[in-house]
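Summary of the model geometry
Here's the letter readout for the chains.
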Amino acid sequence: MLVSARSFEEYRAMFALTGRDLDQRILDCPGGAASFVAEAGRRGIDAVAVDRQYAYHREELGLLVERETAFKRELLAEETKDYPWSWYSDADDMVARWIANARVFRADIAARPDRYVAGSLPELPFGDDSFDLVLSSHLLFSYGNRLGEEFHRAALLELARVARREVRLFPLMVYDTRVRYEGLERLRRELASHGIASRVERVAYEFQPGDNDMLVLSCADYRAPARAGAQAQAQAQVEVQTEARAEARAEARAEVQGWTRRGEADDPVRWRHREAARPRP
Ligand SMILES: C[S@@+](CC[C@H](N)C(=O)[O-])C[C@H]1O[C@@H](n2cnc3c(N)ncnc32)[C@H](O)[C@@H]1O
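One structure accompanies this document, and this report is about it. (Residues numbered from 1 in each chain as written. Predicted model: local features only at pLDDT ≥ 70, side-chain atom pairs only at ≥ 80, totals over all residues.)

1. Side note on the sheet that holds strand β1 (residues 26-28)
With mixed pairing, the 7 strands of this open sheet are ordered in space as β3-β2-β1-β4-β5-β9-β8. The open sheet has two edge strands with one neighbour each: β3 (116-118) and β8 (197-202). Each adjacent strand pair in this sheet contributes to an overall mean axis angle of 20°, direction not counted. The strands touched by helix α7 (residues 149-162) within the sheet are β1, β4 (131-137), β5 (163-170) and β9 (213-218), with β5 carrying the most contacts at an inclination of about 140°. (Pairing = 2+ DSSP bridges. Helix = DSSP H or I, 4+ residues; strand = E, 2+ residues; numbered from the N terminus. Axes fitted to C-alpha atoms, helices over the stretch in contact; angles between N-to-C directions. Contact = placed C-beta atoms within 7 Å.)

2. As for the site of the ligand
Neighbouring the ligand are 17 residues; S4, R6, P30, G32 and L121 lie closest to it. For the shell around the ligand, the per-class residue count stands at 8 nonpolar, 6 polar and 3 charged. (Near = placed C-beta within 6 Å. Nonpolar A, V, L, I, M, F, W, Y, C, P; charged D, E, K, R; others polar.)

3. Here's the deal with the pairing of strand β2 (residues 47-51)
Burial analysis of β2 places 5 of its 5 residues in the buried class, the great majority of the element. Neither face of β2 is exposed, since A47, A49 and D51 on one face and V48 and V50 on the opposite face are all buried. Here β1 runs beside β2; their pairing, made up of 3 bridges, is parallel. Across the sheet, the residue bridging to I26 is A47, located in β2. Taken together, β1, helix α3 (residues 36-42) and β2 constitute a β-α-β crossover, and its handedness is right-handed. (Buried ≥ 20, exposed ≤ 12 C-beta atoms within 10 Å, placed from the backbone. Right-handed = clockwise from strand over helix to strand, strands pointing away.)

Listed below in structure tokens is the structure:
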């Protein structure tokens, strides 16, 4: 999965964020190498990012994303050749801006590490209602050809659990298919049965052609089933750390055994540029 790096202004357009929205405590899930939290911080906005990649190589992630984005330039240009280019002027502009955003992310994760939390959907290491507004860009629905409906169901309920007011998700089409995620209406009915009303809203942002709607979940009336409170959160943190340690051990073993490219298909960022990206003394 590509770890992308969109900007604050892109988030503002994707999620139709108003001044009132930005006055609230915001979670970006998944944050990837987006510069949203960094730029929000500069504006005095209280925002936090969570991503499964932050468990693995936080210090290198920005650099890895820069290199991976540059490496994929031709592929991205090919995949997007008939895109509307309403936000970026073309694929080169997109690549250049993602690289610039990844640099901003990289400086911020080093300067304000507590703003970047390692965590994996569908279990986030936050208490109920920890944030007023949760933003989720380019994971759910977008990767609907890889992530099953059960994952979506659990992830949406989890995002609603940590959101006091709203969850906003963009986009609604599966990447590179031009088709809206097939289970969307089924999932919306299920969310409604849990007291989570939803609406689809047109936004002034389009990446994939015709993909310019976001999903808004209203969470004020949602009470998640009790999750053994603090104990469950502590357990989730331990699991994230254990997973990261197991991953680091597996990676070290793989490097010793010369398998370093084996995981490339699953996670190219982690493998391809790791050696080159290692900070020089
Ligand atoms: C395409 S990027 C989107 C990043 C950012 N929202 C943006 O628009 O630039 C997808 C991100 O999802 C993260 N991810 C994948 N599975 C996840 C999970 N189960 N829980 C949390 N993050 C996950 C990946 O690490 C990656 O950074």
